[in-house]
Amino acid sequence: MSELARLAKPFPESLIQSLPGKGWSADYVSWSNVVEKLLATLEHPPSWRTLECFEAGNRVFVLVRLVATVDGHEVTCEATGEADGHDYLTAESRARCRCAALIGCGTHLWSGKSYRLDQALGATDD
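Just so it is clear, the model here is predicted, and its values are computed rather than measured. (Residues numbered from 1 in each chain as written. Predicted model: local features only at pLDDT ≥ 70, side-chain atom pairs only at ≥ 80, totals over all residues. Heavy atoms only, no water.)

Visitor: Can you walk me through the overall build of the chain in this structure?
Guide: Of the regular secondary structure elements, the chain holds five helices and five strands. When its helices and strands are written in sequence order, the chain yields α-β-β-α-β-β-β-α-α-α. Radius of gyration (C-alpha) of the chain: 15 Å, near the 14 Å computed for a compact globule of 126 residues. Expressed as a percentage of the 126 residues in the chain, the buried residues total 34%. Sequence separation of at least 24 residues holds for 49% of the intrachain contacts in the chain that already meet a minimum separation of 6. Here the chain displays about 7,500 Å² of accessible surface, and carbon together with sulfur accounts for 51% of that area. Computing the positive centroid from 12 side-chain charges and the negative centroid from 17, the chain places the two 4 Å apart. (Helix = DSSP H or I, 4+ residues; strand = E, 2+ residues; numbered from the N terminus. Rg over C-alpha atoms; globule rule 2.2 N^0.38 Å. Buried < 20%, exposed > 50% of the residue type's maximum accessible area, 1.4 Å probe, protein only. Contact = heavy atoms within 4.5 Å. Areas by Shrake-Rupley, 256 points an atom, 1.4 Å probe, with all protein chains shown as cover. Lys, Arg positive; Asp, Glu negative; His and termini not counted. Charge placed at Lys NZ, Arg CZ, Asp CG, Glu CD.)

Here it is as structure tokens:
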């Protein structure tokens, strides 16, 4: 099975947590679980770089770049994470998880019930 297909496999339910908001909730897995999956799946560890940090109102934003080799092809992606107050660590963690989702790791958490990437890549057990 390709690295991309293995990255696309959803995280087990036991690792998924829910983040409650005001009138909404979002599923997520801890940053450490994302790192474990990337390190266990990719032949070479990915490279991360924080590009920018800034504040707007009572929110902080962090822009992160991920460079990874997936199935022999170098992939670069960037994503922004945000958090309340001066919580730069949470904002950076969210940006890194969003970058990982752009290469298939944890994408199912964003797609919800409409997630089909694992099936398209032949990564299901069915």
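Further notes follow.
Visitor: I tried to follow the nonpolar core on my own but got confused; where do I start?
Guide: One broad trend across soluble globular proteins is that nonpolar side chains are buried collectively. Judged by nonpolar contacts, the single largest core of 23 residues is most densely connected at Leu7, Val34, Leu38, Ile103 and Cys105. Ranked by the residues each element gives to this core, the list is headed by strand β4 (residues 59-70), at six residues. For valine 34, the residues in contact, after removing those within four places along its chain, are Phe11, Val29, Cys97, Ala100 and Cys105. (Core = buried A, V, L, I, M, F, W, Y, C linked by side-chain atoms within 4.5 Å.)

Visitor: When you look at helix α3 (residues 88-102) in this model, what are you seeing that I'm missing?
Guide: Because an α-helix packs 3.6 residues into every turn, residues spaced three or four apart end up facing the same way. Between its terminal C-alpha atoms α3 stretches 21 Å, which fits the 21 Å expected from 15 residues at 1.5 Å a residue. Of all the residues in α3, the buried ones are Ala91, Ala95, Arg96, Cys97, Cys99, Ala100 and Ala101. Against the buried residues of α3 lie α2 (31-41), β3 (47-56), β4, β5 (73-84) and α4 (107-111). Just downstream of α3, glycine 104 is the residue with a positive phi angle, here 100°. (Expected span 1.5 Å × (residues − 1).)

Visitor: Can you help me understand the packing of aromatic side chains in this one?
Guide: Ring pairs (aromatic) are described by centroid distance and by the angle formed between their planes. Counting across every chain of the model gives two aromatic pairs. An angle of 80° between the planes, with centres 5.3 Å apart, marks the rings of tryptophan 31 and tryptophan 48 as edge-to-face. Of this pair, tryptophan 31 sits in helix α2 while tryptophan 48 sits in strand β3; the two residues are 17 residues apart in sequence, bridging distant segments of the chain. By relative accessible area, tryptophan 31 is classed as partly exposed at 24%. Look at phenylalanine 54 and phenylalanine 61: their rings are 5.1 Å apart centre to centre, the planes differ by 15°, and that puts the pair in the stacked class. Lysine 37 extends its terminal NZ or CZ atom over the ring of phenylalanine 11, reaching a point 4.6 Å from the ring centre. (Phe/Tyr/Trp six-rings, centres within 6.5 Å; stacked < 30°, edge-to-face > 60°. Lys NZ or Arg CZ within 6 Å of the ring centre and 35° of its normal.)

Visitor: Any chance you could explain the pattern of salt bridges here in plain terms?
Guide: Two side chains carrying opposite charge are able to pair once their charged atoms lie near each other. Across all of its chains, the model carries four salt bridges by this definition. Glutamate 78 is paired through a salt bridge with arginine 65; the nearest N and O atoms lie 2.5 Å apart. Residue glutamate 78 is located in strand β5, and its partner arginine 65 is located in strand β4; the two are separated by 13 residues in the primary sequence. You can call glutamate 78 partly exposed: its relative accessible area is 38%. Where salt bridges share partners, they join Arg59, Glu82 and Asp84 into one cluster. (Salt bridge = Lys/Arg side-chain N within 4 Å of Asp/Glu carboxyl O.)

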